[in-house]
Every structure is written in structure tokens, then in C-alpha cells.
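Chain and residue survey
Below, each chain spelled out in residue letters.
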Amino acid sequence: MNKYWFKPHRYGIGAYPSSWEGWLSVPVFVAVLTFAVATFQLERRPLAFAFVETALVGMYVWLAWIKTDGEWRWRWGEDD
């Protein structure tokens, strides 16, 4: 059974958390991102830092995309 963690935005593109798993994923993502910022010193290794940050954000967006109830597309409100 596929339980959705996110619902699509009413306006614009993207999704927001709609279950406890979705809401839990937000602080976990922020904690992992904060740990990566502390570990990969931006001044010493900027390319490694950029790669890790891009990979983490990409993985979180992918998780939200596959766990969203509906498709990600531009929306204009109730009628769309």
C-alpha cells in the first residue's frame, strides 16, 4: 500500500506535508543539511560542499515527488 506523505500545492508547483511522515521528513532534512554544512567546510572545499548540498536537496525533492498524492504541475487554484 502506497501512503502519500505530501499533497500538491493549490497554487504554483510543488507539495506540502500532509502526514506525520511528511512532517517528520522536514526536520530530518534540515538536520542532515545542517550536519553537511558543518562537516563540509565551505571555505576549504567549495566543490564538495556544492555537490553534497545539491545531492541532498535533489534526494529530498525526489522523495517529496514520489510521495505526493497527485502530479506536480503548475496550478491556478480550485478550478485547476
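Here we summarise the structure given alongside this text. For every chain, the first residue of the written sequence is number 1, and numbering continues from 1 along that sequence. The model is predicted, so local features are restricted to residues of pLDDT at least 70 and side-chain atom pairs to those at 80 or more, both for listing and for counting; the totals for chains, interfaces and linings are taken over all residues. Excluded from the side-chain calculation are hydrogens and water; included are all heavy atoms of the structure.

**Comments concerning a nonpolar patch on the surface**
Spelled out, the test is: Two distance rules govern patches: like charges are joined within 9 Å, and nonpolar side chains (Val, Leu, Ile, Met, Phe, Trp, Tyr) within 5 Å, applied only to residues with over 30% relative accessible area and no salt bridge. To measure how exposed things are, a 1.4 Å probe is used in the Shrake-Rupley method; for residues, cover is taken only from the protein chains shown. The working definition used for a salt bridge is a side-chain nitrogen of Lys or Arg within 4 Å of a carboxyl oxygen of Asp or Glu. Counting from the N terminus, the helices are DSSP H or I runs at least four residues long and the strands are E runs at least two residues long.
The grouping of W20, L24, V28 and V32 at the surface amounts to a nonpolar patch, some 400 Å² of accessible area in total. Note that L24 resides in helix α1 (residues 20-39).

**Comments concerning α1**
So the rule is basically this: Expected span of a helix, by definition, is 1.5 Å for each gap between consecutive residues, and there is one gap fewer than residues. Three exposure classes are used, based on accessible area relative to the maximum for each residue type with a 1.4 Å probe and protein chains only: buried under 20%, partly exposed in between, and exposed over 50%. Directions drawn from the helix axis to the C-beta atoms are what define this arc. Contacts between residues were defined by any pair of non-hydrogen atoms, one from each residue, lying within 4.5 Å.
Taking 1.5 Å per residue, 20 residues should reach 28 Å; α1 reaches 29 Å between its end C-alpha atoms and fits that length. Looking at α1, one finds that the buried residues are E21, G22, S25, F29 and A36. Seen along its axis, α1 keeps its buried residues to an arc of 80 degrees; they face one direction. Exposed and oriented more than 90 degrees from the buried face of α1 are W20, W23, F35 and A38. On its buried side, α1 packs onto β1 (6-8), β3 (15-17) and α2 (46-66).

**Describing the environment of V52**
Along the chain, V52 falls in helix α2. Distance in space between the C-alpha atoms of V52 and E71 is 27 Å, their sequence separation being 19 residues. Leave out the neighbours within four places in its chain, and V52 touches A36 and F40.

**Looking at the packing of aromatic side chains**
Operational definition: When the centres of two rings from Phe, Tyr and Trp lie within 6.5 Å, Trp using its six-membered ring, the rings pair. Their planes under 30 degrees apart give stacked, over 60 give edge-to-face, and anything left gives tilted.
In this structure the tally under the stated criterion is three aromatic pairs. Plain terms: the ring middles of F29 and Y60 are 4.5 Å apart, the flat faces sit at 20 degrees to each other, and that makes the pair stacked. Highlighted residues: F29 in helix α1 and Y60 in helix α2, separated in sequence by 31 residues. Judged by its relative accessible area of 18%, F29 falls in the buried class. Clustering of aromatic rings is evident, with ring pairs tying together F6, F29 and Y60.

**Quick notes on the nonpolar core**
The nonpolar side chains of a soluble globular protein tend to be buried with one another. Operational definition: Here, the term nonpolar core denotes a set of buried Ala, Val, Leu, Ile, Met, Phe, Trp, Tyr and Cys residues that are joined through side-chain atoms within 4.5 Å.
Counting nine residues, the largest nonpolar core is built from W5, F6, A15, F29, A36, V52, L56, Y60 and A64. Sorting the residues of this core by element identifies α1 and α2 as the ones contributing at least two each. Considering each element in turn, this core owes the most residues, four residues, to α2. In contact with F29, not counting residues within four places along its chain, are L56, V57 and Y60.

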